[in-house]
Amino acid sequence: MTDDAPQPDRVEGARHPRDTPKLIGQSAAEAAFLDAFNSGKLHHAWMLTGPRGVGKATLAWRIARFLLATPDPDGGMFDLPPAETLEIDPDHPVARRVAAGAEAGLKSVTRTLNPDTKKMRKQIVVDDIRALNGFFQMSAADGGRRVVIIDDADEMNPNAANALLKMLEEPPERAVLLLLSHQPSSLLPTIRSRCRTLRLGTLNAGQMAEALAGSGVEVEDDPAALAELSGGSVGGALRLSLMGGVKTYADLVGLLSSLPQLDRGRAIKLAEAAAQRGGEAKLDLLFTLLDLLLVRLARTGATGAPPAQPACADEIAVLQRLSPSPAQGRAWADAAQQISDRARHGLAVNLDPAALVLDTLRQIGQTAPR
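On a predicted model such as this, the values are computed, not experimentally measured, just so you know. (Residues numbered from 1 in each chain as written. Predicted model: local features only at pLDDT ≥ 70, side-chain atom pairs only at ≥ 80, totals over all residues. Heavy atoms only, no water.)

1. Looking at the nonpolar core
Using the following cut-off: Note on terminology: a nonpolar core comprises buried Ala, Val, Leu, Ile, Met, Phe, Trp, Tyr and Cys residues joined through side-chain atoms within 4.5 Å. The buried label goes to any residue with under 20% of its type's maximum accessible area, the exposed label to any with over 50%, and the partly exposed label to all in between, with areas taken from a 1.4 Å probe on protein chains only. Helix numbers and strand numbers start at the N terminus; a helix is a DSSP run of H or I with at least 4 residues, a strand a run of E with at least 2. In what follows, a contact means two residues having at least one pair of non-hydrogen atoms within 4.5 Å.
Formed by 52 residues in total, the largest nonpolar core has its most connected members in Tyr249, Leu256, Leu322, Trp332, Val357 and Ile364. Of the residues forming this core, the biggest block, 10 residues, is contributed by helix H12 (residues 280-303). Residue contacts for Leu322: discarding those within four places in its chain leaves Leu256, Leu259, Leu297, Gln328, Trp332, Ala368 and Pro369.

Below, the structure is given as structure tokens:
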């Protein structure tokens, strides 16, 4: 893939997971893999699961470097001590080759460009998986370990999934396949059953701050707010920061503070900003944040308490005023489903973005207590 081609396994504007120097908040998953490696019973296929953006790809690349640079714990004449970390010195030959995209024992599988349309495919197709046969044959001569990263396995179409299943049923010698999956339940049960699972969790505010500091992106937003809005996902937090998501959420909370009399001027300003040419991603972000705000309103009423961590100034006061009871919480929950369905339908049929935003805000205004 050329340098200017889209990279479906990378947040635009951030480091590629291959180049991320440190993995934050996933020590349990790393320890589980090391235990398996040190036991001398390394499984041939691993499924790395967890919410989107919590470090699955970064862990996969760490595992790949480790496997290709570390001798097997065979208990032979060298009596090698157990490996204590997945960390590989950046100056190690394997690490240097991986960084340069020149490691013969490593293959990364992602969605590819369609040669006919010159656009990125929406799925991993069967040819992407079948190409691994050539990789395994070419790399078998040196007798070394081979590692494949599939990012992400959820995007395989049925033919690709069946082709991968055949490889899992008859795995090549000294090969390890690392499958990334945000929704493992969507994969074939036979694929899941042939993989050992490593589950990755979400990050707290402190871990988020550390991860963002090492992301290579200049982040000015509050890490605690980003952790709250992204659900503890570093990838999600980076997208929010790069797209002004924290300010957009604060604008939404500020607008709802005017309810039950919706501030039409502020609503029009939000709608016009979301309707700018080329702003499809920001429009989608706006509706994602609206969904989140409605969920937080519903939970506040249902539990009788606002979230422990506000995502912006004045949010707690707005949530408590607009959702003061379980009954109002149920009203917000019902509205959230209806509003989300209606908005997504509007996006799918390409309704005027500004009109769609204004209609959504009007529906929210009708749900507010009087």
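More follows now that the structure is in view.
2. Description of the sheet that holds strand S5 (residues 196-199)
The condition that has to hold: Criterion used throughout: strands pair if DSSP finds at least two bridges between them. To define axes, lines are fitted to C-alpha atoms, for helices over the stretch in contact only, and angles between the resulting N-to-C directions are given on a 0 to 180 degree scale.
One open sheet accounts for five strands, arranged S2-S3-S4-S1-S5; its pairing is parallel. The two strands at the open ends of the sheet, each matched to only one other strand, are strand S2 (106-109) and S5. Sheet twist, expressed as the mean angle between neighbouring strand axes with direction ignored, is 20°. The pairing of strand S3 (residues 146-150) with strand S4 (residues 175-181) spans five bridges and is classified as parallel. Across the sheet, the residue bridging to Val147 is Val176, located in S4. Strands strand S1 (45-49) and S5 of the sheet are contacted by helix H1 (residues 27-38), whose axis makes an angle of about 150° with S5.

3. Some remarks on the pairing of S1
By the criterion of burial, S1 is predominantly enclosed, with five of the five residues buried. Burial along S1 is two-sided: Ala45, Met47 and Thr49 facing one way and Trp46 and Leu48 facing the other are all buried. Here S1 pairs with S4 via five bridges, running parallel. Residue pairing for S4: Trp46 is matched across the bridge by Leu178. Bridging between S1 and S5 involves four bridges; their strand directions are parallel. Along S5, the bridge assignment pairs Trp46 with Arg196.

4. Quick word on the pattern of salt bridges
To be explicit about the condition: Here, a salt bridge means any Lys or Arg side-chain nitrogen found within 4 Å of an Asp or Glu carboxyl oxygen.
Counting across every chain of the model gives 17 salt bridges. By sharing partners, the salt bridges in this structure join Glu30, Arg62 and Glu87 into a single network.

5. Let's talk about the environment of Pro90
Tracing the backbone shows Pro90 in the loop between helix H2 (56-69) and helix H3 (93-100). Taking the C-alpha atoms as reference points, Pro90 and Arg65, 25 residues apart in sequence, are found 9.9 Å from one another. If we skip the residues at most four places from it in the chain, Pro90 touches Ala95 and Arg96.

6. Some points on the side chain of Thr70
Applied cut-off: Polar contacts, as used here, are pairs of N or O atoms within 3.5 Å; protein pairs need one atom able to donate a hydrogen and one able to accept it. Residues neighboring in sequence count only if both atoms are side-chain atoms.
Inspection of the secondary structure assignment puts Thr70 in the loop between H2 and H3. Polar side-chain contacts of Thr70 include one of 2.7 Å to the backbone oxygen of Phe66. Apart from residues no more than four positions distant in its own chain, Thr70 is found in contact with Phe37 and Ile88.

7. Considerations on the packing of aromatic side chains
The test is simple: Stacked, tilted and edge-to-face are the three classes applied to pairs of Phe, Tyr and Trp rings, where Trp contributes its six-membered ring and a pair requires centres within 6.5 Å; stacked means planes under 30 degrees apart, edge-to-face means over 60, and tilted covers the rest. A ring has a charge above it when a Lys NZ or an Arg CZ is no more than 6 Å from the ring centre and no more than 35 degrees off the ring normal.
The tally for this structure, following the rule as stated, stands at three aromatic pairs. Arranged with centres 4.8 Å apart and planes meeting at 70°, the rings of Phe37 and Phe66 form a pair that is edge-to-face. Within this pair, whereas Phe37 is found in helix H1, its partner Phe66 is found in helix H2, the two being separated by 29 residues in sequence. Exposure remark for Phe37: the relative accessible area of 3% places this residue in the buried category. In this structure, Arg18 is placed above the aromatic ring of Trp61, and the distance from its NZ or CZ to the ring centre is 5.7 Å.

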